[in-house]
Amino acid sequence: MPSRPLRVLQVVATPVGGDWFYRQVTELSRLGNTVQVVLPGDGPLADRLRDAGIGVEIIPFKGKEIRHQARVVAAELRLARFIRSFQPDVIHAHLLKAILSCRLAASFYPQALRVAQVPGSVHLHSRLYRRLDKWTLSRDDLIIGSCQAIADQYRAMGARYVDVSYYGFDVHHLDPLTSGSAFRREFGLADDIPTVGMLAHMYPAHLRAFQTIGVKGHEVFLDSAALLLRRIPEVQIFVIGDEFPIAGGYRRTLEARAAELGIARNVHFTGHRSDVACVLAGLDVVVSPSLEESACGAMIEALLMQRSVVASNVGGLPDTVQHGVSGLLVPPRDPAALADAIAELIADPLRRAEMGRQGRDHCLRRFDIKLTAAQVQALYLEALDRKRTKRAI
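Residue numbers run consecutively from 1 along every chain, following the written order of its sequence. Thresholds applied to this predicted model are a pLDDT of at least 70 for local features of residues and 80 or more for the giving and counting of side-chain atom pairs; totals over whole chains, interfaces and linings are not thresholded and use all residues. With hydrogens and water stripped out, all remaining heavy atoms of the structure feed into the side-chain values.

Draft legend 1. Here's a closer look at the overall build of the protein. Where helices and strands are cited, they refer to DSSP runs of H or I of at least four residues and of E of at least two residues respectively, numbered from the N terminus. Summing up its helical and strand segments, the protein has 15 helices and 13 strands in all. Relative to the compact-globule value of 21 Å for 393 residues, the protein shows a C-alpha radius of gyration of 22 Å, a close match. For the protein, the spread of C-alpha atoms along the principal axes amounts to about 70 × 45 × 40 Å. Throughout, exposure labels follow a simple rule: accessible area from a 1.4 Å probe, protein chains only, divided by the maximum for the residue type, with under 20% read as buried, over 50% as exposed, and the rest as partly exposed. Taking all 393 residues of the protein together, 55% fall into the buried category. Contact criterion: two residues are considered in contact whenever any of their non-hydrogen atoms come within 4.5 Å of each other. Here the analysis covers contacts within the protein between residues at least 6 apart in sequence; of these, 67% occur between residues at least 24 apart. None of His or the chain ends enter the tally, which takes Lys and Arg as positive and Asp and Glu as negative. Charge coordinates come from a single atom per side chain, which is NZ of Lys, CZ of Arg, CG of Asp or CD of Glu. Averaged over its 48 positive side-chain charges, the protein has a centre that lies 8 Å from the centre of its 41 negative ones. This radius of gyration counts C-alpha atoms alone. The globule rule is 2.2 Å times how many residues there are, raised to the power 0.38.

Structure representation (structure tokens):
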């Protein structure tokens, strides 16, 4: 424990969603630290943080078009002034645009520990973003990878100090004894009808690596469903989640793909669901066919609900899904391998149940927010001590 409460400035580049950020911020505050948040815009995330008693400052540091540059420069100066007025012990940034903004603004307050936590590595597929990240990497005192694969990527890029800490969950919030009957009745399904679902936001990425398949791999899931239905005609497929407002009709594109594949009758696009426990309880197999992923919140939730899972063998998914123990891992972009793994689990209910038990135990140990936030605080203290020692030499 610190000898005095730390003053922690947390900066993130999204005003919406961000459950992973909210949980970490509020738990660090509960540990006794004085936590202040900077967001690029007002919205639901700001409201939730204020309701939790966290101070929120809105500074619009995001923008990439030429007409935004004057505003972004003004925002950088404002962020630098805010840092000096708050006088943080730690400046902790999440997502690339927040990380780059803090690397610049924090130059005017060098005594603070500069931490970048990387929730995903999609940006590294962009030559420009990768160069900007690498060129400014030396400004950080600590890089925290949100999974082992991301930490390894930043070590290879030349980061000085790298560690791993997962974005934690309230692991006891989901009850694996929740009944899935209501969800099944909603779609008129008997208990013996096999069900497979994917829970994810729908969004394409405007990067070359993801032009034909979105980051979350919805297209792979639909293609695998077509193969699966040839073997198990009665299986019901659920696409759970919706597109972001800026996605530009991506959901309609996915619905059209299901129609073209001739599987629309068995595929249900449910949109966003707030009754996650009930939904998961109604599914036999939960999949994550992502092309890039960290530890994957949807997979953690599924395992906490003791569901059997199939996931791509990429990024942080192997940190979450232990192949052959708590689920199955398959190559990314491979609908046939995904369909084979799903069919294998559907055919073996006893194995599914055992994998679910193993998965919940694993997630309780690894992703409890009380443990992960305490670990982040310990990393702060270790890095602050290292920074002080370096100054004293």
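Anyway, onward from the coordinates.
Draft legend 2. Summary view of the sheet that holds strand β2 (residues 34-39). Two strands qualify as a pair provided DSSP detects at least 2 bridges between them. In space, the 7 strands of this open sheet follow the order β3-β2-β1-β4-β5-β6-β7, with parallel pairing throughout. For this open sheet the edge positions go to β3 (55-58) and β7 (162-164), each flanked by a neighbour on one side alone. Between one strand and the next, the sheet's axes are offset by a mean angle of 25°, whatever the strand orientation. Note that strand β6 (residues 142-145) and β7 share 3 bridges and pair parallel. Axis lines are fitted through C-alpha atoms, for helices just across the contact stretch, and the angle between N-to-C directions can take any value from 0 to 180 degrees.

Draft legend 3. Geometry of the environment of Leu 207. Mapped onto the secondary structure, Leu 207 falls in the loop between β8 (195-199) and α8 (218-231). Sequence-wise, Leu 207 and His 125 are 82 residues apart; in three dimensions their C-alpha atoms are separated by 7.2 Å. Here Leu 207 is in contact with Val 122, His 125 and Ser 126, once residues within four sequence places are set aside.

Draft legend 4. Inspection of the nonpolar core at higher detail. The set of buried Ala, Val, Leu, Ile, Met, Phe, Trp, Tyr and Cys residues whose side-chain atoms join them within 4.5 Å is what this entry labels a nonpolar core. By size, the foremost hydrophobic cluster in this structure holds 67 residues, and its most contacted members are Leu 9, Val 38, Ile 143, Tyr 154, Leu 283, Val 286 and Met 299. In this structure, Leu 9 is in contact with Gln 36, Val 38, Phe 82, Ile 83, Phe 86, Pro 88, Val 90, Ile 91 and His 92, ignoring residues within four places of it in sequence. The next biggest cluster of nonpolar side chains, apart from the first, holds 40 residues, and it includes Phe 221, Val 239, Ala 337 and Ile 342.

Draft legend 5. Representation of the pairing of β8 in the model. Most of β8 is tucked away, with 5 of its 5 residues classed as buried. Covered by surrounding structure in β8 are Thr 195, Gly 197 and Leu 199 together with Val 196 and Met 198, the residues of both alternating faces. One ladder, built from 5 bridges, connects β8 with strand β9 (residues 236-240); its direction is parallel. Note on β9: the bridge partner recorded for Met 198 is Val 239. In this structure, β8 lies alongside strand β11 (residues 285-288), joined through 3 bridges in parallel fashion. Bridge pairing links Met 198 to Val 287 in β11.

Draft legend 6. Representation of unusual backbone geometry. Of note in this structure, Cys 296 is not a glycine but carries a positive phi near 70°. Relative to the elements of secondary structure, Cys 296 occurs in the loop between β11 and α11 (297-304). Taking the relative accessible area as the measure of exposure, Cys 296 reaches 9% and is therefore buried. Not every positive phi belongs to a glycine, and Arg 333 is a case in point at roughly 60°. Following the sequence through the fold, Arg 333 ends up in the loop between β13 (328-330) and α13 (335-346). Given a relative accessible area of 42%, Arg 333 falls into the partly exposed group.

Draft legend 7. Quick look at the side chain of Asp 141. Within the secondary structure, Asp 141 sits in the loop between α5 (127-135) and β6. Polar contact is defined as a pair of N or O atoms within 3.5 Å, subject to the rule that within protein one atom must be able to donate a hydrogen and the other to accept it, and that residues adjacent in sequence are counted only when both atoms are side-chain atoms. Within the structure, Asp 141 has its side chain in polar contact with the side chain of Lys 387 (distance 3.2 Å). With near-sequence residues (within four places) excluded, Asp 141 lies in contact with Ala 112, Leu 113, Arg 114, Arg 160, Tyr 161, Arg 386 and Lys 387.

Draft legend 8. Here's a closer look at the pattern of salt bridges. The rule for a salt bridge is simple: a side-chain nitrogen of Lys or Arg has to be within 4 Å of a carboxyl oxygen of Asp or Glu. Scanning all chains against the criterion turns up 24 salt bridges. For Arg 160, the salt bridge is made with Asp 141, and the minimal N-O distance between the two is 3.8 Å. In this pair, Arg 160 is assigned in the loop between α6 (148-156) and β7 and Asp 141 in the loop between α5 and β6, connecting sequence segments 19 residues apart. In this structure, a network of salt bridges that share partners links the residues Arg 114, Asp 141, Arg 160 and Lys 387.

Remember that the coordinates give geometry; whether it matters functionally is a separate question.
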